Amino acid sequence: MQKNKRLSSTDGSVQGSGCQPNNSPQPKRTLSVAPMLDWTDRHYRYMARLITRNAWLYTEMINTNAIIHGNSDKLLAYHPQEQPVALQLGGSDPAVLAQAAKIAAGYAYNEINLNCGCPSPRVQQGAFGACLMREVTLVAQCLNAMQEAVSIPVTIKHRIGLDKETAYQPLADFVGTLREQTACRIFIVHARNAWLEGLSPKDNRDIPPLRYDYVYRLKQEFPDLEIILNGGVTTNEQISQHLQYVDGVMVGREAYHNPMLMRSWDAEFYGSRQPAVEYEALVEQLIDYTQQQLAKPDHSLRHMARHYLGLMHGLQGARQWRRMLSDAALLKNNNASLIAAAWQAVKNSSPSQFSTSI
Ligand SMILES: Cc1cc2nc3c(=O)[nH]c(=O)nc-3n(C[C@H](O)[C@H](O)[C@H](O)COP(=O)(O)O)c2cc1C
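It should be emphasised that the depicted structure is a prediction, and the values quoted were computed from it without experimental measurement. (Residues numbered from 1 in each chain as written. Predicted model: local features only at pLDDT ≥ 70, side-chain atom pairs only at ≥ 80, totals over all residues. Heavy atoms only, no water.)

Caption draft 1: Up close: the pairing of strand S4 (residues 111-116). Of all 6 residues that make up S4, 6 are buried, and the element is covered over most of its length. A two-sided burial pattern is seen for S4, the buried positions comprising Glu 111, Asn 113 and Asn 115 on one face and Ile 112, Leu 114 and Cys 116 on the other. Sheet analysis places strand S3 (residues 85-90) next to S4, joined by 4 bridges and oriented parallel. Bridge pairing links Gln 88 to Asn 113 in S4. (Buried < 20%, exposed > 50% of the residue type's maximum accessible area, 1.4 Å probe, protein only. Helix = DSSP H or I, 4+ residues; strand = E, 2+ residues; numbered from the N terminus. Pairing = 2+ DSSP bridges.)

What follows is the structure in structure tokens.
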């Protein structure tokens, strides 16, 4: 993992003005945490990075117009320890995407990803997200404009198809055309269709059937591309299975609801010899981080603690942990000692569960 102190502002964030892209070698994209709106913000990503040093972390999708016309520091600044971190952009105007990518590269992101997989009606109104899969020429123009603007990899995240289309060939044509017409070599494929009408974004992550075989076949037919499989992965056994056929696996919801799933990733998938993080040490680091953040204006405990709720998943005391860290009256005090108290409750509920390394 890279620590890019050179790029840090006084509060430790990577800020935009005049930063050079970080060209140091990065780990492979064997594992990554998916972009998730409202979930994979910088606080979640910081916590994830304390658990795995190697997995790539993706930001929430950020709309290009927000970057260009809004407060880019607020949207793009992040902790240097998060690297490798990829920024996902939502947009469909090549010139605007290029401009946003250039601004983002100034924040030393390690990758810029174009969202071609989000089915939400709001995103469709802006004519980007999954509906872009119908417009491969425009997607190629977008990727080329972005890649001309930055020296870091520009990648794409998309579905295996749209609506009730079930054939493999349109997917292969989409990927093959982009391979021919752009320099994009990293394809993150959510292994289900997006149904653009009649399903909510949430249902669109569950109801269209998973077709992992389509993603495997892409890798077979385009061996020079880096194919990352996404969708429905919840265990490390499943990750191992998929890695027999593709270059990487991206995990979304499970990495959020059960972040300690990532605890064995460095050893199991990156060959790291460093011991996995212990719960106690992790909680201490989170308390330090939370305290530092609370010292800044406009930071509340609620914004950070919501991402910590899944940490004790599967342990005795997990319910007390969640209850305390989501209690509005307790959170209102904005005191990181609440995390220490919740941790104490977990330990008290079953001291023996921490007597051996878990
Ligand atoms: C709350 C939430 C927000 C999401 N936001 C985005 C997003 O901003 N961009 C994107 O490409 N996908 C988004 N997704 C989809 C995920 O990146 C991922 O493709 C999907 O959840 C399937 O992976 P999983 O089964 O491992 O969760 C979101 C998913 C969730 C649950």
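Caption draft 2: View of the domain arrangement of the chain. Assigned domains within the chain: domain 1 (5-270) and domain 2 (279-354). The centre of domain 1, based on its C-alpha atoms, is set 29 Å off from the matching centre of domain 2. Every contact between the two is made by 19 residues of domain 1 and, on the other side, 16 residues of domain 2. Interface area for domain 1 against domain 2, summed over the two sides, is near 1,600 Å², with a carbon-plus-sulfur share of 59%. In terms of surface lost to domain 2, no three residues of domain 1 exceed His 43, Leu 50 and Met 260, which account for 36% of the buried area on that side. (Domains from an automatic or database assignment. Contact = heavy atoms within 4.5 Å. Buried area = accessible area lost by both parts, 1.4 Å probe.)

Caption draft 3: Structural detail: the sheet that holds strand S8 (residues 248-251). The strand order around the closed barrel built from 8 strands is S1-S2-S3-S4-S5-S6-S7-S8, with neighbouring strands paired in parallel fashion. Taken pair by pair, the neighbouring strands of this sheet meet at an average axis angle of 25°, ignoring direction. Bridge analysis of strand S6 (residues 186-190) against strand S7 (residues 226-230) gives 5 bridges, and the strand direction is parallel. Residue His 190 lies in a different strand from S7, and its bridge partner there is Asn 230. Strand contacts of helix H8 (residues 212-221): S6 and S7, with the helix running at about 170° to S7, the strand carrying the most contacts. (Axes fitted to C-alpha atoms, helices over the stretch in contact; angles between N-to-C directions.)

Caption draft 4: Looking closely at the site of the ligand. Looking at the ligand, there are 17 residues lining it, with Pro 35, Gln 88, Asn 230, Gly 232 and Arg 253 nearest. Measuring from a nitrogen atom of the ligand, one finds a side-chain N or O atom of Gln 88 at 2.7 Å. For the ligand, a nitrogen atom lies 3.4 Å from a polar atom in the side chain of Asn 115. Coverage of the ligand by the protein amounts to 93% of the 610 Å² it exposes when considered alone. Among the residues making up the shell around the ligand, the classes are represented as 7 nonpolar, 7 polar and 3 charged. (Near = heavy atom within 4 Å. Polar contact = N/O pair within 3.5 Å; in protein donor to acceptor, adjacent residues only side chain to side chain. Areas by Shrake-Rupley, 256 points an atom, 1.4 Å probe, with all protein chains shown as cover. Nonpolar A, V, L, I, M, F, W, Y, C, P; charged D, E, K, R; others polar.)

Caption draft 5: Local environment of H8. Of all the positions in H8, only Tyr 214, Val 215, Tyr 216, Leu 218 and Lys 219 are classed as buried. On its buried face, H8 sits against helix H7 (169-181), S6, S7 and helix H9 (236-242).

Caption draft 6: Local environment of helix H4 (residues 94-105). Its 12 residues place the ends of H4 16 Å apart at the C-alpha level, agreeing with the 16 Å of an ideal helix rising 1.5 Å per residue. By the burial criterion, the buried members of H4 are Val 96, Leu 97, Ala 98, Ala 100, Ala 101, Ala 104 and Ala 105. Where H4 is buried, its residues touch helix H2 (64-69), helix H3 (72-76), S3, S4 and helix H6 (136-149). Between the side-chain oxygen of the N-cap and the backbone nitrogen of Ala 95 there are 2.9 Å, and the N-cap of H4 in question is Asp 93. (Expected span 1.5 Å × (residues − 1).)

Caption draft 7: Molecular detail of the nonpolar core. Grouped together as the largest cluster of nonpolar side chains are 118 residues, with contacts concentrated most on Trp 265, Tyr 308, Leu 311, Met 312 and Trp 321. If you tally residues by element for this core, the top one is helix H12 (residues 279-294), at 7 residues. Composition of this core by domain shows at least three residues from each of domain 1 (5-270) and domain 2 (279-354). (Core = buried A, V, L, I, M, F, W, Y, C linked by side-chain atoms within 4.5 Å.)

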